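Structural characterization, general
Listed below are the residues making up each chain.
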Amino acid sequence: MGFRKDFVWGAATASYQVEGAAYENGKGLNIWDVFCKEPGKIYEGHSGDVACDQYHRYQEDVRTMKEMGIRAYRFSLSWARIMPEGTGRVNEKGLAYYDALIDALLENGIEPYVTLYHWDLPYALQLRGGWMNPESPKWFYDYAAVVAEHFSDRVKKFFTINEPQCAAGLGYLTGEHAPGLKVGAYDFFHVWQNLLLAHGRAVQALREHAKGPVEIGAAPCSALYYPETESAADIEAARRAMFTIAGDTPNDAVWNIAFWSDPVFFGHYPEGTQERFGKLLPPLSQEEWKVISSPLDFYGQNMYNAVMVRADEQGNPVRVKRAEGFPKTAIQWPVTPECMYWGPKFLYERYHKPFYITENGMSSHDWVSLDGRVHDAARVDFLHRYLREYRRAAADGVDARGYFAWSSHDNFEWSYGYSERFGLIYVDYATQKRTVKDSGYFYRETAAANGENL
């Protein structure tokens, strides 16, 4: 047993990270356009003004992805490219770009998986309070309705919000990401509530305005955990660590997966939330809970690494210190392929939804060698190890529907600028020349074999 015959082998990007054309054809400003102008926020003052220039080079990129055996492309729409002020007026040239991209994908046998929001809020809405404004879920509904009405004749798979944990935690708690705010606990919980409501309102808009049946999911990230041994005690400790909020601050909550996914799938707070944060939580009506828990068709999770835990004498999870010299990627993230077995297993047991890995990959020290190739052996090994664990999860009963490599192309890596390379395709940012890396060819072979080569 392994991956199902119709398993989806895909790759993913985000609009601000690849498109460029930041000020062309009527696009409005978004919060990253503005944030990147602030001194000291982005590595060496980089920005996504040009990025991979996919706005102009999408045809080449789609052809290359086809040659690599990529069968699905998960990309996000730029809200400000479609609705420059965030609400009201629709930019027809923005719609036309995504029409052209979607048509090119379909012509090349690549299914589009559209993400509505990957962190690039229209700046006009940020001036009105952004995700702190209680009207923000309505704004998102209206935007999702435009998307559904225009694209659902060709797009059948949608994600609402990519990694709301980062939008809230890095954008509003630490200030590392746009809009660069450091709000207090009370305001943070309002942001959290508004993002949950926006997700639910978008699900409603997609279903109400789509031209035919569509499938909808979310794409969160979270802190992941795996057991030191396969003893029952250690497994249960890892499961508890993954779904239990461990402290009393917003930072303890924001990276906990149950904090975001329990409301969406169960229609209530995870256990202990009221006791920990009750005085800070905005009241939610039964109707609002119904919106938040609007039914979804599948579950997506972005996965990169995890923490090993063991059970203490009382069965509580205890973090296991990593050994000296533990393997790390170029961005200093630990290499823990175990997360691709235990993460899907725990999530599928809890939420019982068809499952996708919506992002997985690594930053590596890549360059074009003298022979004109990019020999990223570390990434090849990383993919081999991680995908093998995911296949084991599928064989053990997880309804694994697909995998999206992060990323198809090297791109603008948020506060890291262009200092980190995650792509299967190397991008020379000075010339915009693309070079498929060894990992891209390995991925092509793996997709062709449906993982049987692992």
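Going by the structure above, here's the rest.
Just so we're clear, the structure is a prediction, and the values are computed from it rather than from any experiment. (Residues numbered from 1 in each chain as written. Predicted model: local features only at pLDDT ≥ 70, side-chain atom pairs only at ≥ 80, totals over all residues. Heavy atoms only, no water.)

Another point: the packing of helix H3 (residues 54-67) against helix H5 (residues 92-107). In a pair of packed helices, the angle between the axes and the distance between the axes together describe the arrangement. Remark: H3 packs on H5, axes separated minimally by 9 Å, with the N-to-C direction vectors making an angle of 10°. Classified by the angle their axes make, H3 and H5 are roughly parallel. Facing Gln54, Tyr55, Tyr58, Val62 and Met65 of H3, the residues of H5 in contact are Lys93, Tyr97, Ala100, Leu101, Ala104 and Leu105. Class assignment for the residues of the contact of H3 with H5 results in 9 nonpolar, 1 polar and 1 charged. (Axes fitted to C-alpha atoms, helices over the stretch in contact; angles between N-to-C directions. Helix = DSSP H or I, 4+ residues; strand = E, 2+ residues; numbered from the N terminus. Parallel < 35°, antiparallel > 145°, perpendicular 65-115°, else oblique. Contact = heavy atoms within 4.5 Å. Nonpolar A, V, L, I, M, F, W, Y, C, P; charged D, E, K, R; others polar.)

Let us now look at the pattern of salt bridges. Following the criterion strictly, the structure yields 30 salt bridges and no others. In this structure, aspartate 103 engages arginine 154 in a salt bridge whose closest nitrogen and oxygen atoms are separated by 3.1 Å. Highlighted residues: aspartate 103 in helix H5 and arginine 154 in the loop between helix H7 (136-151) and strand S4 (157-162), separated in sequence by 51 residues. For aspartate 103, a relative accessible area of 30% translates into the label partly exposed. With a shortest N-O distance of 3.1 Å, arginine 154 and aspartate 153 are connected by a salt bridge. The exposure class assigned to aspartate 153 is partly exposed, which follows from its relative accessible area of 41%. Members of the salt-bridge network, linked through shared partners, are Asp366, Asp376, Arg379, Asp410, Arg421 and Lys437. (Salt bridge = Lys/Arg side-chain N within 4 Å of Asp/Glu carboxyl O. Buried < 20%, exposed > 50% of the residue type's maximum accessible area, 1.4 Å probe, protein only.)

Applying the stated criterion across every chain yields a total of 0 disulfides. Here cysteine 52 stays free of any disulfide, with the sulfur of cysteine 36 as its closest cysteine sulfur at 14 Å. Of the residues examined, cysteine 52 reaches a relative accessible area of 0% and is grouped as buried. (Disulfide = S-S within 2.5 Å.)

Turning our attention to unusual backbone geometry. Cis geometry marks the peptide bond from alanine 178 to proline 179, where omega comes out at 10°. Note that the residue after tryptophan 406, namely serine 407, is joined by a cis bond; omega there is 10°. For serine 407, the position within the fold is in the loop between strand S11 (400-406) and strand S12 (425-428). Even without being a glycine, asparagine 25 presents a positive backbone phi close to 50°. With respect to the secondary-structure elements, asparagine 25 resides in the loop between helix H1 (15-18) and helix H2 (31-35).

The next thing to look at is empty space enclosed by the protein. If you walk through the whole model with that rule in mind, you get 4 cavities of 30 Å³ or more. Of the voids in this model, the largest cavity is the one considered here, and its volume is about 140 Å³. The wall of the largest cavity is formed by 13 residues, among which Pro164, His199, Ala218, Trp260 and Val264 lie closest to the centre. Going through the elements one at a time, S4, helix H9 (185-209) and helix H12 (257-266) are the ones with two or more residues in the lining of the largest cavity. With 4 residues, H12 is the largest single contributor of residues to the lining of the largest cavity. Grouping the constituent residues of the lining of the largest cavity by class yields 10 nonpolar, 3 polar and no charged. (1 Å grid on protein atoms, 1.4 Å probe; cavity = no way out; pocket = protein on both sides within 12 Å on 5 of 7 lines; lining within 4 Å. Points joined across faces, edges and corners; volume = space filled by probe spheres on them.)

Attention now moves to the layout of surface pockets. In this model, the largest pocket occupies a volume close to 870 Å³. A per-class count over the lining of the largest pocket returns 18 nonpolar, 7 polar and 6 charged. Taken as a whole, the second largest pocket encloses approximately 350 Å³ of empty space. Forming the walls of the second largest pocket are 17 residues, and the residues nearest its centre are Tyr225, Ala241, Thr244, Ile245 and Ala246. Mapped by element, the contributors of at least two residues to the lining of the second largest pocket are helix H10 (232-243), helix H11 (250-254), strand S8 (307-311) and strand S9 (317-319).

What follows concerns the nonpolar core. Grouped together as the largest cluster of nonpolar side chains are 156 residues, with contacts concentrated most on Trp32, Trp79, Ile82, Trp131, Phe140 and Tyr403. Broken down by element, this core gets its largest block of residues, 12 residues, from H9. Look past the residues within four positions of tyrosine 403 in its chain and what remains in contact with it is Phe7, Val8, Trp9, Gly10, Met340, Ile357, Asn360, Leu383, Leu387, Tyr390 and Tyr443. (Core = buried A, V, L, I, M, F, W, Y, C linked by side-chain atoms within 4.5 Å.)

Glancing now at the sheet that holds strand S10 (residues 355-360). One closed barrel holds the 8 strands; their spatial order is S1-S2-S3-S4-S5-S7-S10-S11, and the pairing between them is parallel. With strand direction ignored, the average angle separating the axes of adjacent strands in the sheet is 25°. Here strand S1 (residues 8-12) pairs with strand S2 (residues 72-76) via 3 bridges, running parallel. Across the sheet, the residue bridging to alanine 12 is arginine 74, located in S2. Across the sheet, H7 is in contact with strand S3 (111-117) and S4; its angle to S3 comes to roughly 160°. Its contacts with the sheet put helix H17 (residues 438-448) on S1 and S11, and the angle it makes with S1 is roughly 155°. (Pairing = 2+ DSSP bridges.)

Attention shifts here to the pairing of S10. Counting buried residues in S10 gives 6 out of 6 residues, a clear majority hidden from the surface. Pairing between strand S7 (residues 298-302) and S10: 4 bridges, direction parallel. Looking at the pairing, asparagine 302 lines up with glutamate 359 of S10. Note that S10 and S11 share 4 bridges and pair parallel.

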